[in-house]
Amino acid sequence: MATIQDLPDEILEFIMSLLPPYEDLDQCTIVCKRWTSLATNVRSRKKASLQKGLLDFNLCWREELFLTEPRISARFAHASALHRNSMYVFGGASSYDTTFNDLWRFDLSRREWIRPISKGTYPSPKAGASLISHGDQLVLFGGWRYSYTPFQMCTLFDELHCYNIGENRWTIHVLAFGPPPMTGHSVTIHRNKMIVFGGYQKIQEVLGASNDLWILDLENMVWKQPNVSDLKPPSRYGQFQMPIGDDFILVIGGTGGVNRIFNDAWLLDMRGKVWRWRSVQIKNKKGTVTHNWSYPACSIGKKVVVLGPTSPNDFQIVRQHRAAHALPPNMGRARPPPNAGERARHGAAPNIPPRQNLPRPPAPPPPPAPVVPAVSVPSSSRQPPEPRPGPSGLSPSSSSSSPQQPPAIAGPSRPLPSMRSPIFRHQDDDHLLPKRFNQSPPEPGHMAMAAFSVPPTNPPPQHASRERQLEGLRKMEEKFSAMRREKEQREQQEAAAAAAAKSAAEAVTPKRIKRNGLAIYVCDLSGLISDGIIQEPPVIEWLDTRNNGLIDGAPDHFTFSTMVSGNGELIVFGGFNKNSKDECASVTNSVHFLAVPTAVV
């Protein structure tokens, strides 16, 4: 009878690759030496596959939905760290001006949240702190909290806590000497030391960015400051810091304040008594994230993965076009045809000819002079009224003829616009426009309201016949119907083209996917250190990605989220959505996984 042990190594290794690469794979290592070797190969292969997937951009996003209790609340600016088969999350802020001091553990094997009931001295509620794993302990430092006092921004902390994972206990360390209260700093572990760089600090009631270095001896719990060379990076906070071996630190990005975002890179050499900073040359800057701060980042081998907004090529500046009637006066520009703005608003098709000016009807006989109350006015003071400027800002000449016949301007310039009075509406095609109740010709036997029967100073001219008005309205309705039919046909064509494009798109990485999602940026660090020696000059290179880094199923445009590197996958949690209009939905508690697609035979 055949057993599972009779399967070849290739089949067993493929079966193990379908298991979660955490506790389940750990249990496979205790079966026998053969399975231990196969499980180790699976872990190595998953890590290598993720790095190769970053180069080939063969990746996929998966979102984990949690329907069971307990569930962690939505938050941003929290701290997270990976320890063995779990991701720990501490604190953070909500969208209601509150901060948390709770600790959660996300079991990567079972994909579920666990709230450990901790003992000891709890940290203060805060966000923006740093959390890092060292041995069986979690080290928590710094952070900020919403201020309870009006007209103050926030409260900064210099608290130092250690969480013992085995004992499930918090311990506070009150030291006589140490860094000032800060947030937005970056930390890494080198041997038994925690290195803290930069941050937004408060020194003697003064807030500002910093470029200081601090060392925490994790064995003796003592703070120190190293001797650093004169050349330093500019002061910043919100940067990403990663260790390169035990003797080097790489710092990328950050911000120094409002409208001061850094996309540079610095290398710190910690060998010798004096630590030295080196500026790093960056290749392919067009492939870097435009705002390299407040977005999650992590290191995978000799690569750095940063999530951020899409490249500037994906943001198109749309210029608002003003309507034809709102354009400034221009003597050299031809006047648009009548009602051009109206046809544009109704979506008229380009093939619809513009409305032609109808021939002016012969002038009707002059109406009888109205009866005007006798007022004695000297003949010498009788002057024509001063002409008022028209819509284009031009004033008609003083030698103009009667208002019913506006003068024309000679030359290539456009004709001088005539003066339109609210009462005098007799123009080229005004018969097509609806008339006011007091502008229609009086009908025989019609009784009007006394409040609106005041005779105007200048009597209105005779209008066209009712048949001509109805004919004009009929023609206008026909044109509107043609425009509506044209618009419906165009919408149907666009819908059919969109459906065809969607069906022809790729299954994993379709073109132009969710524009408000986070894009992936990958930086190659192989040009920095070689065999423990800094290459001259030290160089990093941002890699080109397909579809501007967008992958189907990517998280929305969240900032102040965290990303940690698991076994062959990246885990992204939480964040604040800048584009959200609903305050309740602006903070998330979703978990996304970035990994290589698994092919099942």
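Residues numbered from 1 in each chain as written. Predicted model: local features only at pLDDT ≥ 70, side-chain atom pairs only at ≥ 80, totals over all residues. Heavy atoms only, no water.

S.K.: Looking at this structure, how should I read the overall build of the protein chain?
M.R.: Helices and strands together make up the secondary structure of the protein chain, namely five helices and 35 strands. Considering only intrachain contacts with a sequence separation of at least 6, the fraction spanning at least 24 residues in the protein chain is 60%. Just so you have it, the protein chain exposes about 35,400 Å², and 55% of that area is on carbon and sulfur atoms. (Helix = DSSP H or I, 4+ residues; strand = E, 2+ residues; numbered from the N terminus. Contact = heavy atoms within 4.5 Å. Areas by Shrake-Rupley, 256 points an atom, 1.4 Å probe, with all protein chains shown as cover.)

S.K.: Where do I start with the pairing of strand β7 (residues 130-134) in this structure?
M.R.: On a regular strand, one side chain projects to one face of the sheet and the next to the other, so that they alternate. Across five bridges, the pairing between β7 and strand β8 (residues 137-141) is antiparallel. Residue pairing in the sheet places I132 in a bridge with V139 of β8. In this structure, the hairpin formed by β7 and β8 is closed by a connection of two residues, where G135 is found at a positive phi of approximately 65°. (Pairing = 2+ DSSP bridges.)

S.K.: Sorry if this is basic, but what is going on with the confidence of the model for the protein chain here?
M.R.: Close inspection of predicted coordinates is inappropriate in any region flagged by low pLDDT. Overall, the prediction assigns the protein chain a mean pLDDT of 77, with 69% of residues at 70 or greater. Note that residues 506-514 has pLDDT below 50 and, in this model, 20 contacts with residues that lie over four places away or in other chains. (pLDDT = per-residue confidence, 0-100.)

S.K.: I keep staring at the sheet that holds strand β6 (residues 119-120) and nothing clicks. Help me out?
M.R.: Hydrogen bonds between backbone atoms are what pair the strands of a sheet, whose relative direction is either parallel or antiparallel. On the basis of which strands lie adjacent, the open sheet formed by five strands has the order β6-β12-β11-β8-β7 and mixed pairing. Each edge of the open sheet is held by one strand with a lone partner, namely β6 and β7. Pairing geometry for strand β11 (residues 160-164) and strand β12 (residues 169-172), over four bridges, is antiparallel. Looking across to β12, one finds that Y163 is bridged to W170.

S.K.: What am I meant to see in helix α3 (residues 33-56) here?
M.R.: Owing to its 3.6 residues per turn, the α-helix brings residues three or four apart onto one side. Taking 1.5 Å of rise per residue, 24 residues should cover 34 Å, and α3 covers 34 Å from first to last C-alpha, within 8% of that figure. Three or more residues of α3 are buried, namely W35, L38, A39, V42, L50, G53 and L54. In the segment just after α3, F57 is the residue with positive phi, at about 60°. (Expected span 1.5 Å × (residues − 1). Buried < 20%, exposed > 50% of the residue type's maximum accessible area, 1.4 Å probe, protein only.)

S.K.: Sorry, what's going on with a nonpolar patch on the surface here?
M.R.: Together, I4, L7, I11, F14, I15 and L18 make up an exposed nonpolar region whose accessible area comes to about 460 Å². Take L7: it is sitting in the segment before α1 (9-17). (Patch = residues over 30% accessible without salt bridge, like charges linked within 9 Å, V, L, I, M, F, W, Y side chains within 5 Å. Salt bridge = Lys/Arg side-chain N within 4 Å of Asp/Glu carboxyl O.)

S.K.: I'm lost on the nonpolar core in this one. Help?
M.R.: Most often, soluble globular proteins have nonpolar side chains that are buried together. I244, L250, V304, L525, L528 and I540 are the most contacted members of the largest nonpolar core, which totals 24 residues. Put simply, the parts of the chain that give this core at least two residues each are β19 (240-244), β20 (248-252), β23 (265-269), β27 (303-308), β28 (519-524) and β31 (539-542). In contact with I540, not counting residues within four places along its chain, are A265, V280, Q281, I282, K283, C523, D524, L525 and L528. Listed in part, the 20 residues of the second largest apolar core include F57, L518, I520 and M563. (Core = buried A, V, L, I, M, F, W, Y, C linked by side-chain atoms within 4.5 Å.)

S.K.: Please clarify how the side chain of E159 should be interpreted in this entry.
M.R.: In this fold, E159 is placed in the loop between β10 (154-156) and β11. The buried category is assigned to E159, whose relative accessible area is 18%. Apart from the residues within four sequence positions on either side, E159 is in contact with P123, S124, K126, L140, F141 and G142.

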